[in-house]
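Structural features, examined
Next come the chains, spelled out residue by residue.
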Amino acid sequence: MVPGGVMCAPTLTDITRAWAILEYFRTNWLEPVWLGCSLERYEQIQTYDDFMDWLDEDRNHRESDLGFYWRMGLDIGLDRYGAGVGKYVTWGYLAHEDKYQKPTIEGRNAAMIMKGGVYDSFSDTHSSMDQSFLRENTTHSWYDEGTADIHPSDRTTKPTANNTKDFDNAYSWSSAVLHQDFGRLEAGPLARQLVAGGNHGEPWQHQDGFILDAFKSMGGASVHVRQLARVHELVKLYRQAEHCLREFKLNDPWYIKPTERDGKGWGATEAARGALSHWVEVEGGKIKNYQVIAPGTWNIGPRDGEGKRGPIEEALIGTPIYDSSDPVEVGHVARAFDSCLVCTVHAHDAKTGEELARFRTA
């Protein structure tokens with residue numbers, strides 16, 4: 001894998017090396033260190049009770065990195081805070097080889113192996129997700145774009161010249177992203193796994209109810225459940241990497257030169273951190289407008305036009321702080337959404353403005 005993309009056709013040597021790297025990862029870390037068992041044994045886990053039985057079944061399971069993390073998280077109370085907004089979104093990802101041959105915006109969702117959708121934990125319902133439902137609000141953001149909820153493709157980015165922090169007004173470079181019907185939504189591994197547990201979508205699409213069952217059994221979202229969803233995904237992504245390597249047709253054309261000079265487009269996928277989507281308008285062969293909603297935009301966004309907090313803001317409410325001069329619990333919540341966020345989390349006293357802590361990465 002080359003960060004940033006691969007602008008060449010894979011060769012047989014590339015595929016062979018990829019298989020070797022994947023196998024090394026499984027036999028040297030994923031099975032012996034992380035799980036303490038084979039992938040096949042872990043894949044038998046279907047419910048929260050299955051998981052707890054698995055932990056006690058074998059000493060290797062309990063003392064694996066996953067077993068150790070689970071026990072440690074319960075010991076320090078990660079299951080008792082960090083809930084968030086209670087509604088979750090994923091675009092779905094991994095295009096099906098046969099069903100994505102002639103992609104369209106309307107047919108995209110049904111052509112994904114990992115299905116997209118919205119899970120509302122308050123009503124325990126799953127719904128499909130359409131990009132036309134999206135809205136952005138910049139009431140509390142450093143942009144001169146008004147206070148209305150608008151679709152991303154209708155937005156023209158106009159940053160303010162002065163970005164003084166004012167928690168009653170503007171205090172963030174992120175916009176508030178929302179669904180026109182469901183409001184604020186959380187993106188990320190937990191969202192993907194909760195949606196995977198639904199009965200919506202196509203019959204052939206992937207379904208896995210383990211994390212949804214754990215979510216319900218443990219009383220909803222928390223730092224601990226959010227991290228369990230992230231690590232549970234490892235095994236499924238490993239299997240999909242195997243699947244992708246088997247699908248390569250080395251002699252097929254690998255580049256199609258675009259011919260359109262005017263039009264609008266939308267693309268979406270799931271990054272490791274969550275739902276990612278792009279909108280572009282092309283006029284005369286040149287980009288006229290371009291917008292992106294990254295996973296972080298969903299989660300770190302400020303209050304919206306109605307004053308409702310975003311996922312991380314909401315998850316921080318009620319977080320127990322053992323030492324106010326070193327509030328590591330704030331870091332736990334931020335990391336649960338996105339491990340990269342820890343390097344941008346600063347803790348301040350709301351009354352004095354004094355910086356209490358700054359989290360850094362090496």
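All residue numbers refer to position in the chain's written sequence, counted from 1. Residues qualify for local features only when their pLDDT is at least 70, as the model is predicted, and side-chain atom pairs are given and counted only at 80 or more; totals for whole chains, interfaces and linings, by contrast, use all residues. Only heavy atoms go into the side-chain values, all of them from the structure, while hydrogens and water stay out.

With that settled, the discussion passes to the overall build of the chain. Helix and strand definitions follow DSSP, with helices as H or I runs of at least four residues and strands as E runs of at least two, each counted in order from the N terminus. Looking only at helices and strands, the chain features 11 helices and 13 strands. Throughout, radius of gyration means the C-alpha value; the globule benchmark is 2.2 Å times the number of residues raised to the power 0.38. Radius of gyration (C-alpha) of the chain: 22 Å, near the 21 Å computed for a compact globule of 362 residues. Viewed in the frame of its principal axes, the chain has a C-alpha envelope of about 60 × 55 × 40 Å. Expressed as a percentage of the 362 residues in the chain, the buried residues total 43%. In this description, contact between two residues means that some pair of their heavy atoms is separated by no more than 4.5 Å. Contacts in the chain between residues far apart in sequence, at least 24 positions, make up 61% of those at least 6 positions apart. Here, Shrake-Rupley sampling with a 1.4 Å probe gives the accessible areas, and only protein chains in the shown set may cover a residue. Carbon and sulfur atoms make up 52% of the accessible area of the chain, which totals about 19,500 Å². Charge-centre separation for the chain: the mean point of 38 positive side chains lies 4 Å from the mean point of 53 negative side chains. To sort residues, take the accessible area from a 1.4 Å probe on protein chains only and compare it with the maximum for the residue type: under 20% means buried, over 50% means exposed, and anything in between is partly exposed. Under this rule, positive means Lys or Arg and negative means Asp or Glu; His and the chain ends count for nothing. Working definition for charges: the position is that of NZ of Lys, CZ of Arg, CG of Asp or CD of Glu.

Attention now moves to empty space enclosed by the protein. Here a cavity means grid points, on a 1 Å grid over the protein atoms only, where a 1.4 Å probe fits yet cannot get out; a pocket means an open set of points with protein on both sides within 12 Å along at least five of seven lines; lining residues are those with an atom within 4 Å of a point. Grid points are joined across faces, edges and corners, and a volume is the space filled by probe spheres set on the points. Applying the stated rule across the entire model yields one cavity of 30 Å³ or more. For the largest cavity, the calculated volume is near 70 Å³. Lining the largest cavity, in full, are T90, Y93, M114, K115, R192, Q193, A196, H206 and K236. For the lining of the largest cavity, the element with the most residues is helix α6 (residues 189-196), which contributes three residues. Amino acid classes used here: Ala, Val, Leu, Ile, Met, Phe, Trp, Tyr, Cys and Pro are nonpolar; Asp, Glu, Lys and Arg are charged; the rest, including Gly, are polar. For the lining of the largest cavity, the class distribution of residues is three nonpolar, three polar and three charged.

Note on backbone geometry: most residues besides glycine have negative phi, and most peptide bonds are trans. The backbone of L94 sits at a positive phi, close to 70 degrees, despite the residue not being glycine. When you line up the elements, L94 lands in strand β2 (residues 93-95). We note that D124 has phi near 55 degrees; this positive angle belongs to a residue other than glycine. Within the element layout of this structure, D124 appears in the loop between β4 (117-120) and β5 (125-127). Assessed through its relative accessible area of 39%, D124 is described here as partly exposed.

Let's shift gears to the pattern of salt bridges. What counts as a salt bridge is simple: a side-chain nitrogen of Lys or Arg found within 4 Å of a carboxyl oxygen of Asp or Glu. By the definition in use, this model includes 22 salt bridges. With a shortest N-O distance of 2.7 Å, R155 and E145 are connected by a salt bridge. Placement of the pair is R155 in the loop between β6 (134-137) and β7 (176-179) and E145 in the loop between β6 and β7, with a sequence separation of 10 residues. Note on accessibility: R155 and E145 belong to one class, buried. Sharing partners across several salt bridges, the network here consists of E40, E43, R239 and E242.

Once that is clear, we can look at helix α7 (residues 210-217). Turning to α7, its buried residues number three or more, namely F210, I211, L212, A214 and F215. After α7 finishes, the residue G219 shows a positive phi value of roughly 85 degrees.

We now examine the side chain of R226. Within the element layout of this structure, R226 appears in helix α8 (residues 223-247). Looking at R226, the relative accessible area reads 2%, which means it is buried. Residues adjacent in sequence count toward polar contacts only when both atoms are side-chain atoms; beyond that, a polar contact is any pair of N or O atoms within 3.5 Å, and within protein one must be able to donate a hydrogen and the other to accept it. Looking at R226, its side chain comes within polar contact range of the main-chain oxygen of A83, at 3.1 Å. In contact with R226, other than residues within four places in its own chain, are G82, A83, G84, E186, L190, A221, A336 and F337.

Once that is clear, we can look at helix α11 (residues 328-337). Counted residue by residue, α11 has seven buried out of 10 residues, so it is predominantly covered. Restricting attention to buried positions, one finds in α11 the residues E329, V330, G331, V333, A334, A336 and F337. Contact partners of the buried residues in α11: β8 (186-187), α8, α9 (295-300) and α10 (311-316).

In this description, strands pair whenever DSSP reports at least two bridges between them. Pairing within the open sheet is mixed, and its four strands lie in the order β5-β4-β1-β8. One side of each edge strand has no neighbouring strand; the edge strands of this open sheet are β5 and β8. Sheet topology note: the strand β1 (residues 87-90)/β8 ladder contains two bridges and is parallel. What sits directly across from Y88, in β8, is E186.

Side chains that are nonpolar tend, in soluble globular proteins, to be buried together. Core analysis: the largest hydrophobic core is formed by 34 residues, its most contacted members being Y42, F51, L66 and L228. Secondary structure elements with two or more residues in this core: α1 (12-35), α2 (39-42), α3 (48-57), α5 (65-75), α6, α7 and α8. Sort the elements by how many residues they give to this core and α8 lands first, with seven residues. Leaving out residues up to four positions away in the same chain, F51 has contacts with I45, L66, W70, F210 and L228. Residues grouped as a nonpolar core are buried Ala, Val, Leu, Ile, Met, Phe, Trp, Tyr and Cys residues, joined through side-chain atoms within 4.5 Å.

The subject of this paragraph is the environment of Y88. Of note, Y88 is situated in strand β1. Sequence separation between Y88 and D58 is 30 residues; the distance between their C-alpha atoms is 34 Å. If near-sequence neighbours (up to four positions away) are discounted, Y88 is found in contact with A83, G117, V118, Y119, S121, L185, E186, L190, A191, L194, F215 and A221.

The analysis is restricted to geometry; functional conclusions fall outside its scope.
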